[in-house]
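# Breakdown of the fold
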Amino acid sequence: LQSLLSRNKYETPWLENKQYYLWICARNDFDPSNSWSDDVGKGDLDSLQKSIEKLESTQTAAMQKYMEQQMEKMKEDAESRAKNMEAQFEERMKKHMTDQQEWF
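Residues numbered from 1 in each chain as written. Predicted model: local features only at pLDDT ≥ 70, side-chain atom pairs only at ≥ 80, totals over all residues. Heavy atoms only, no water.

## Describing the overall build of the protein chain
For the protein chain, the count of helices and strands is two helices and two strands. Its helices and strands taken in sequence order, the protein chain reads α-β-β-α from the N to the C terminus. Counting the 104 residues in the protein chain, one finds 1% classified as buried. Here the protein chain displays about 10600 Å² of accessible surface, and carbon together with sulfur accounts for 55% of that area. (Helix = DSSP H or I, 4+ residues; strand = E, 2+ residues; numbered from the N terminus. Buried < 20%, exposed > 50% of the residue type's maximum accessible area, 1.4 Å probe, protein only. Areas by Shrake-Rupley, 256 points an atom, 1.4 Å probe, with all protein chains shown as cover.)

Right, here's the structure in full:
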């Protein structure tokens, strides 16, 4: 509410008499060390973009490596289970054949 009451409407003749508002806002917890008033230049934005791209690339590579490791573990587990099932099948078939021979 205070910021609404503190706004000042002004006109600027050099901007075709368009109306603009200047908003003034005061905060009790304002700390100037948490902000800066320097203009951010294109170089700063480019540097930030490169940093973000590098971070994304690093994260993507780490995630890909992790996924490959997990897939390898799953493949090994599936192969182990398949071998176990084959051994159980062979054992049951031998038992079944032995049981069949006892009947004759």
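Now that the structure has been shown, the text picks up again.
## Regarding a nonpolar patch on the surface
Among the surface-exposed residues, L45, L48 and I52 lie close enough to one another that they form a single nonpolar patch of about 280 Å² accessible area. Positionally, L48 belongs in helix α2 (residues 42-103). For L48, a relative accessible area of 48% gives the class partly exposed. (Patch = residues over 30% accessible without salt bridge, like charges linked within 9 Å, V, L, I, M, F, W, Y side chains within 5 Å. Salt bridge = Lys/Arg side-chain N within 4 Å of Asp/Glu carboxyl O.)

## Focus on the confidence of the model for the protein chain
The predicted coordinates of low-pLDDT regions are not to be read in fine detail. The share of residues in the protein chain with pLDDT of 70 or more is 69%, and the mean pLDDT across the chain is 79. Between residues 1-12, whose pLDDT stays under 50, and residues either more than four places distant or in other chains, the model counts 25 contacts. (pLDDT = per-residue confidence, 0-100. Contact = heavy atoms within 4.5 Å.)

## Considerations on the pattern of salt bridges
Evaluation of the coordinates by the stated rule reveals one salt bridge. The partner of D77 in a salt bridge is R81, and the shortest N-O contact between them spans 3.1 Å. In this pair, D77 and R81 both sit in helix α2, four residues apart, roughly one turn of the helix. By relative accessible area, which is 38% here, D77 ends up partly exposed. Owing to a relative accessible area of 54%, R81 belongs among the exposed residues under this scheme.

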